[in-house]
Amino acid sequence: MKKIQRDQLYDQAKAWVLEAGKNIREKMTGTFEIASKSNPNDLVTEIDKNTEEFFVQRIKETFPNHGIIGEEGYGDKLTSLDGIVWIIDPIDGTMNFVHQKRNFAISVGIYKDGVGEIGIIYDVMANNLYHAKRSEGAYKNARKLAPLKMNPIFSEAIIGMNHFWLCENRHVDEKVMQQFVRTIRGARTYGSAALEFAFLAEGIIDGYISMKLSPWDIAAGKVIAEEVGGLVTTIDGEELTMLDKSTVLACNRQLHHDIASFIKKGRK
Ligand code: IPD
Ligand code: CA
Ligand code: CA
Ligand code: CA
């Protein structure tokens with residue numbers, strides 16, 4: 001992608017994200033429909049849907065040849081990442097949105113031929129915009145984020161993870177995960193994968209793990225975390241795909257081996 005084209009796309013995407021965030025803040029003071037999807041705790045609201053529609057409409061008007069993958073299904077049914085593809089989570093952390101009215105984010109990743117070029121994560125209520133272009137560094141608002149500290153010790157690490165992985169599950173032995181949280185310094189569950197990537201990039205947690213995330217949970221965060229020297233792979237250390245669900249291990253490079261080999265003991 002030419003620099004000028006990418007810079008224009010970056011400015012446009014950031015402007016739409018801020019506009020969408022403002023719309024969410026306005027609409028959330030009124031009443032809105034809340035439904036559940038795969039199970040009673042898997043929530044979706046009218047505002048999730050409207051926000052995705054907002055992006056899809058703008059993108060299709062302005063960049064008719066760009067592809068779109070979005071959680072709520074307004075995008076395209078893509079089977080390849082050829083060309084420019086926007087990967088959008090209109091509200092990441094819908095449960096927080098519904099119950100807490102905070103701690104949720106808009107996540108937009110822009111990929112060219114499968115390579116992450118732009119990542120934008122907007123913490124809507126805190127009004128913090130995390131953003132990055134590949135090879136040009138990551139920012140929180142106007143502040144450039146420092147490279148991740150390279151001396152974390154496994155036993156002193158704070159790791160973002162869902163407590164779900166401490167219960168019996170199909171992906172990893174819960175006993176190993178319980179041992180994992182006893183070995184590290186602390187575990188944190190924020191309820192928004194995008195924000196956990198942003199906090200990793202900011203250096204306030206040292207890693208983030210999940211056994212099941214979708215491309216829209218990961219796309220922006222991967223670009224941002226990599227710009228501060230983070231390593232983002234599957235839990236088994238393999239490259240991530242943006243076409244399917246996968247496990248995720250995002251962390252400081254120094255910790256990658258320690259975390260991956262610990263969890264490997266319990267992989268099913
Ligand atoms: C969810 C959040 C949550 C993660 C789930 C995601 P959603 O996204 O990121 O932190 O644990 O796996 O599905 O549904 O609120 O966009
Ligand atoms: Ca969802
Ligand atoms: Ca999500
Ligand atoms: Ca979502």
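Source: prediction; values computed, not measured. As a convention, each chain's residues are numbered from 1 in the sequence order in which they are written. Lettering for chains starts from A, numbering for ligands starts from 1, and both go in the order in which the items are written. Note on the predicted model: pLDDT of at least 70 is required for a residue's local features to be given, and 80 or more for side-chain atom pairs to be given and counted; whole-chain, interface and lining totals, by contrast, use all residues. Side-chain metrics in this entry use all non-hydrogen atoms of the structure; hydrogen atoms and water are not considered.

Draft legend 1. Local environment of the packing of helix α5 (residues 193–202) against helix α6 (residues 215–227). Here α5 crosses α6 at 5 degrees, and the two axes come no closer than 8 Å. If you check the angle between α5 and α6, you find them roughly parallel. Between α5, through A193, A194, F197, L200 and A201, and α6, the contact on the second element is made entirely by D217, I218, G221, K222, I224 and A225. By residue class, the composition of the contact of α5 with α6 is 8 nonpolar, 1 polar and 2 charged. Only C-alpha atoms enter the line fits that serve as axes; for helices the fit covers just the stretch in contact. Angles between N-to-C directions range over 0 to 180 degrees. Comment: elements are numbered from the N terminus, with helices defined as DSSP H or I runs of at least four residues and strands as E runs of at least two. Here roughly perpendicular refers to angles of 65 to 115 degrees, roughly parallel to angles under 35, roughly antiparallel to angles over 145, and oblique to all remaining angles. Residues count as neighbours in contact if any of their non-hydrogen atoms are within 4.5 Å of one another. Three classes are used, and their members are as follows: Ala, Val, Leu, Ile, Met, Phe, Trp, Tyr, Cys and Pro are nonpolar, Asp, Glu, Lys and Arg are charged, and the others, Gly among them, are polar.

Draft legend 2. The arrangement of the UniProt feature "binding site: Mg(2+)" (unreviewed entry) in the protein in detail. UniProt records the feature "binding site: Mg(2+)" (unreviewed entry) at E71, D89, I91, D92 and D217, using the numbering of this structure. A compact arrangement is adopted by the annotated residues: their sequence extent is 147 residues, whereas the largest C-alpha distance between any two is 9.7 Å. Cross-referencing the annotated residues with the largest pocket identifies E71, D89, I91, D92 and D217 as lining it. Mapped onto the secondary structure, E71 falls in the loop between β3 (67–70) and β4 (84–92). Remark: exposure states derive from per-residue accessible area (1.4 Å probe, protein chains only) relative to the maximum for the residue type, with buried under 20%, exposed over 50%, and partly exposed in between. On the basis of relative accessible area, E71 is assigned to the partly exposed category, the value being 24%. Setting aside chain neighbours within four positions, we find E71 in contact with K37, E52, I88, D89, P90, I91 and W216. UniProt positions are given in the numbering used here, feature names are shortened, and annotations may be inferred rather than shown by experiment. Only protein atoms enter the 1 Å grid, on which a cavity is a set of points fitting a 1.4 Å probe that cannot get out and a pocket is an open set with protein on both sides within 12 Å along at least 5 of 7 lines, lining residues being those with an atom within 4 Å of a point.

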